[in-house]
Amino acid sequence: MSHKLLVRRAAVLGAGVMGAQIAAHLANAGVDVVLFDLPAKDGDANGIVNKAIAHLGKLSPAPLATKERAAAIVPANYEQHLPLLAGCDLIVEAIAERLDWKKDLYAKVAPHVAPHAILASNTSGLSIEALASVLDAALHARFCGLHFFNPPRYMHLAELIPCSKTSPDVLDNLETFLTTTLGKGVVRAKDTPNFIGNRIGVFSMLATFHHTQAFGLGFDAVDALTGPAIGRPKSATYRTADVVGLDTMAHVIGTMADTLPADPWHAYFAVPDLLKALIAQGALGQKAGAGFYRKAGKEIQVLDPASKGYRASGGEVAPEVAEILKLKNPAEKFAALRGSAQPQAQFLWALFRDLFHYSAFHLASIADTARDVDFAIRWGYGWKLGPFETWQAAGWQQVAGWIHEDIAAGKAMSSAPLPAWVLDGRAGVHGKDGSYSPAKGTSLPRSALPVYQRQRFPDPLLGERFAPGTTVFEDDAVRMWHDGDGVAVIGFKTKMHTVSEGVIAGIHKAVGIAEQDFAGLVLWQDSEPFSAGADLKGAMAQLQGGKVDDFAAMISNFQSASMRMKHAQVPVVAAVRGMALGGGCEFQMHSARTVAALESYIGLVEAGVGLLPGGGGLKEIATRAGLAAGAGGDVFARLKPYFETVAMAKVSTSALEASDMGLLRPDDVIVFHAHELLHVAKAQVRALADSGWRPPVPARQIPVAGDVGIATFKMLLVNMLEGRFISKHDFEVATRIATVLCGGAVDRGSLVDEDWLLRLERENFVALAMMPKTQERIVHTLTTGKPLRN
């Protein structure tokens with residue numbers, strides 16, 4: 001029986017960009033972590049590491065889920081603190097990509113590594129076998145490559161690369177830890193240069209460089225073509241190069257050239273002349289203020305390959321190509337790209353053709369299955385579909401035939417033949433039996449590692465369908481279903497999972513059914529976001545149609561749905577990932593417990609459209625603050641941080657920050673892997689039900705801050721109004737928020753009940769909704785997607 005990996009403490013060697021961020025993400029996950037680097041030449045010996053830890057708070061996107069997590073990182077240096085390694089269960093080396101430097105460091109740290117500890121290198125492409133050679137044979141079984149992608153908190157991919165002696169138990173344990181504790185998507189790669197993600201991803205960039213020149217296209221036009229237009233990130237190709245750093249790009253290309261001399265595409269593993277020239281001028285991309293792009297005042301400028309100067313950036317997809325890319329059928333789309341004489345269409349076909357050719361040719365040597373390649377590219381590079389999925393969707397044999405023709409005609413980047421399995425009449429590489437493995441000559445299913453049983457709906461590959469569960473009821477707005485395990489699940493079908501009248505009715509109905517037939521109910525969506533809030537479009541239609549009574553009734557019904565959840569006779573657990581804004585936030589506030597993925601962005605944002613939280617959110621805050629302060633306590637002091645959060649429409653940047661903001665409760669649960677959310681939420685329902693769940697008794701004696709509290713908040717607002725930090729309408733909205741939070745114009749310390757607070761919330765919400773300035777804000781937000789300050 002294999003031993004479970006217990007990571008009580010971890011160490012990261014190297015406090016550079018990657019090392020510091022890996023340490024930050026371990027700290028996010030509640031892992032005690034020591035961060036090492038060289039001793040500083042003067043001053044504090046830990047100066048280098050301390051500077052790196054301080055710098056984490058300035059990076060964007062933020063590596064730390066809350067700034068306070070930095071305190072969990074212990075600074076250390078190789079001269080004084082190597083004995084600390086003896087207490088570490090996992091050691092991740094993340095120093096510069098120099099084989100000689102890494103080997104020197106291993107020789108230094110090896111004597112201090114505990115006999116059970118795992119040592120892993122975060123190398124992005126050096127040979128794991130070569131690194132292992134310097135280690136004592138006893139350590140080989142516990143050594144492997146562990147390659148995080150930058151930025152490690154946000155990029156889902158972690159590549160796991162064994163050396164020839166790595167123990168299978170070590171890999172299984174590490175994969176389990178990476179998946180649940182750090183929330184990663186793990187792909188096992190073979191020990192070949194650049195592994196899987198960078199081998200295919202960097203080749204795709206090199207092919208783009210080559211075809212940009214061949215078809216005479218501008219860098220901005222290529223970025224317009226290779227971003228969201230084809231299901232890839234906004235940074236596309238040349239913006240990505242600028243962000244990564246042109247010197248880093250050149251280094252990666254150089255590594256490919258040095259380590260892959262026999263690759264049939266080797267001629268293209270050269271730093272393009274233009275890239276060399278930019279590096280020589282110090283134009284290294286974003287960090288240097290100029291690369292392929294630069295900012296001149298407010299204008300974004302792009303490098304012109306012909307003149308070598310900068311011009312205004314404005315490259316667009318040609319209308320004819322834009323029409324082709326709109327085609328829903330991938331087979332038609334690829335046929336149209338290949339058949340078009342438009343240079344941009346020819347460019348895209350050439351780019352995909354060479355990517356498919358390269359991926360198929362190298363699949364057997366770099367990965368076990370096509371699944372590993374597609375997930376590595378999706379999770380490491382942010383593409384919607386991996387190369388094999390894209391090819392299969394477009395018609396495997398048709399595309400294979402075209403690639404074969406282009407190779408024969410000398411149009412492809414390499415004359416290397418397609419592997420025989422590509423042309424064997426198959427419909428693709430992904431099917432109901434799994435994904436194709438050239439080494440095994442058959443399809444292999446997904447990993448049977450027990451950790452994956454926690455994912456009821458894993459990230460699906462093209463054509464994968466997971467059993468949807470048994471439907472309890474379904475209408476246009478919601479679906480309630482179960483898996484025969486006694487726990488029901490409800491999800492919304494509205495756009496962005498907004499809270500419409502249908503959703504509100506569905507909540508009432510689902511809670512009623514759950515109370516009779518199930519142990520509890522989970523509120524879970526099959527995709528992000530959890531909920532973008534109230535259905536503003538529907539609300540606006542009622543107001544503009546003069547149906548004020550209907551509008552007020554809807555708000556009342558919204559509040560009662562929240563209260564129905566809070567006082568349900570079975571536990572209702574909210575499973576949150578992505579945005580939980582406005583009404584979405586209010587629903588989770590009324591659940592028995594919230595289970596939130598780390599990347600949850602939670603906030604009461606109604607003030608942005610000139611409203612206040614009207615689904616019970618302010619009532620819930622006033623209740624929590626009042627009961628926590630107790631009779632005679634300082635309710636106002638507890639309300640103040642909440643008031644700022646609501647009045648400024650603040651949104652958390654993580655679930656941990658939502659906890660700090662008081663929008664999640666101390667006993668709410670944070671999970672790191674979004675695909676484990678449903679599993680954990682169901683486990684919480686069962687735990688609460690098995691513990692003899694009783695809903696909270698309605699709060700009837702809530703101390704409030706009253707008129708004195710309102711007056712104090714108003715003083716703060718008057719100063720902001722006079723300083724022109726807020727508009728008159730902002731003042732109006734914030735005053736009404738303060739009025740509800742303080743329990744209205746009653747004496748300080750008065751005792752009120754939840755119904756009193758709900759009535760106040762409802763009246764002030766409707767009053768604001770009737771105001772022309774609020775309606776202007778709502779219409780502006782609906783039409784532009786941006787807030788209006790009026």
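Structure's up top.
Residues numbered from 1 in each chain as written. Predicted model: local features only at pLDDT ≥ 70, side-chain atom pairs only at ≥ 80, totals over all residues. Heavy atoms only, no water.

Notes on the nonpolar core
With 111 residues, the main nonpolar core has Phe 36, Phe 143, Phe 269, Phe 292, Phe 388, Trp 391 and Trp 421 as its most contacted residues. It is helix H14 (residues 343-366) that contributes the most residues to this core, 12 residues altogether. When sequence neighbours within four positions are dropped, the list of residues in contact with Phe 269 reads Phe 203, Leu 206, Ile 253, Met 256, Ala 257, Leu 260, Asp 263 and Tyr 358. Counting residues in each nonpolar core, the second largest holds 78 residues, with Ile 513, Ala 580, Ala 629 and Ala 655 among its members. (Core = buried A, V, L, I, M, F, W, Y, C linked by side-chain atoms within 4.5 Å. Buried < 20%, exposed > 50% of the residue type's maximum accessible area, 1.4 Å probe, protein only. Helix = DSSP H or I, 4+ residues; strand = E, 2+ residues; numbered from the N terminus. Contact = heavy atoms within 4.5 Å.)

Topic: the sheet that holds strand S11 (residues 310-312)
Spatial strand order, S9-S10-S11: 3 strands in an open sheet with antiparallel pairing. The sheet terminates laterally at strand S9 (293-296) and S11, the two strands that pair on one side only. Each neighbouring strand pair of the sheet contributes to a mean axis angle of 40 degrees, computed without reference to strand direction. Where S9 and strand S10 (residues 299-303) come together, 4 bridges link them in antiparallel fashion. Note on S10: the bridge partner recorded for Lys 295 is Ile 300. (Pairing = 2+ DSSP bridges. Axes fitted to C-alpha atoms, helices over the stretch in contact; angles between N-to-C directions.)

Here's the deal with the sheet that holds strand S18 (residues 520-524)
Pairing in this open sheet of 7 strands is mixed, and the strands run S15-S16-S17-S18-S19-S20-S21 from one edge to the other. The strands lining the two open edges of the sheet, one partner per strand, are strand S15 (470-474) and strand S21 (669-671). Averaged over all neighbouring strand pairs, the angle between strand axes comes to 25 degrees, with direction disregarded. Bridging between S18 and strand S19 (residues 572-581) involves 4 bridges; their strand directions are parallel.

Section: the packing of helix H26 (residues 706-722) against helix H27 (residues 728-741)
How two helices pack is summed up by the angle between their axes together with the distance between the axes. With their axes 10 Å apart at the nearest point, H26 and H27 run at an angle of 165 degrees to one another. Between H26 and H27, the angle is such that the two are roughly antiparallel. Our pair here, H26 against H27, has a crossing hand that is right-handed. Listed contacts from H27 to Ile 710, Phe 713, Lys 714, Leu 717, Val 718 and Leu 721 of H26 are Lys 728, Phe 731, Ala 734, Thr 735, Ala 738 and Thr 739. Looking at the contact of H26 with H27, its residues break down into 8 nonpolar, 2 polar and 2 charged. (Parallel < 35°, antiparallel > 145°, perpendicular 65-115°, else oblique. Left-handed = near helix turned anticlockwise from the far one by under 90°. Nonpolar A, V, L, I, M, F, W, Y, C, P; charged D, E, K, R; others polar.)

Some thoughts on the environment of Leu 677
Along the chain, the position of Leu 677 falls in helix H25 (residues 677-690). With residues near it in sequence (within four places) discarded, Leu 677 still touches Trp 524, Ala 575, Val 576, Arg 577, Val 595, Ala 596, Ala 597 and Val 671.

Some words on the pattern of salt bridges
Going through the model one piece at a time under the given rule, you end up with 40 salt bridges. For Asp 89, the salt bridge goes to Arg 8, with nearest N and O atoms at 3.4 Å. Of this pair, Asp 89 sits in the loop between strand S3 (73-77) and strand S4 (90-93) while Arg 8 is found in the segment before strand S1 (9-13), placing the two residues 81 residues apart along the sequence. With a relative accessible area of 54%, Arg 8 lands in the exposed category. Its salt-bridge partner being Asp 220, residue Arg 311 comes within 3.0 Å of it at the nearest N-O pair. Pair noted here: Arg 311 is in strand S11 and Asp 220 is in helix H8 (residues 219-225), with a separation of 91 residues, a long-range link. Judged by relative accessible area, which is 4%, Asp 220 ranks as buried. (Salt bridge = Lys/Arg side-chain N within 4 Å of Asp/Glu carboxyl O.)

Let's talk about the environment of Met 496
Relative to the elements of secondary structure, Met 496 occurs in the loop between strand S17 (487-492) and helix H18 (501-517). Relative accessible area serves as the criterion here: at 40%, Met 496 is assigned to the partly exposed category. C-alpha separation for the pair Met 496 and Ala 267, spaced 229 residues apart in sequence, amounts to 47 Å. Contact partners of Met 496, with chain neighbours within four places excluded, come to Pro 529, Ser 531, Ala 532 and Met 579.

Here we look at the packing of aromatic side chains
Enumeration according to the criterion identifies 32 aromatic pairs in this entry. Note on Trp 349 and Trp 402: the rings are 5.8 Å apart at their centroids and 90 degrees apart in plane angle, and the pair reads as edge-to-face. Of this pair, Trp 349 sits in helix H14 while Trp 402 sits in helix H17 (residues 396-408), and the two are 53 residues apart along the sequence. The pair formed by Trp 349 and Trp 402 is uniform in burial state, with each residue classed as buried. Taken together, the aromatic side chains of Phe 334, Phe 352, Phe 356, Phe 388, Trp 391, Trp 396, Trp 421 and Tyr 436 make up a single cluster linked through ring pairs. Sitting above the plane of the Trp 383 ring, Arg 232 keeps its charged end 3.6 Å from the centroid. Over the ring of Tyr 436 we find Arg 426, and its NZ or CZ is 4.0 Å from the ring centre. (Phe/Tyr/Trp six-rings, centres within 6.5 Å; stacked < 30°, edge-to-face > 60°. Lys NZ or Arg CZ within 6 Å of the ring centre and 35° of its normal.)

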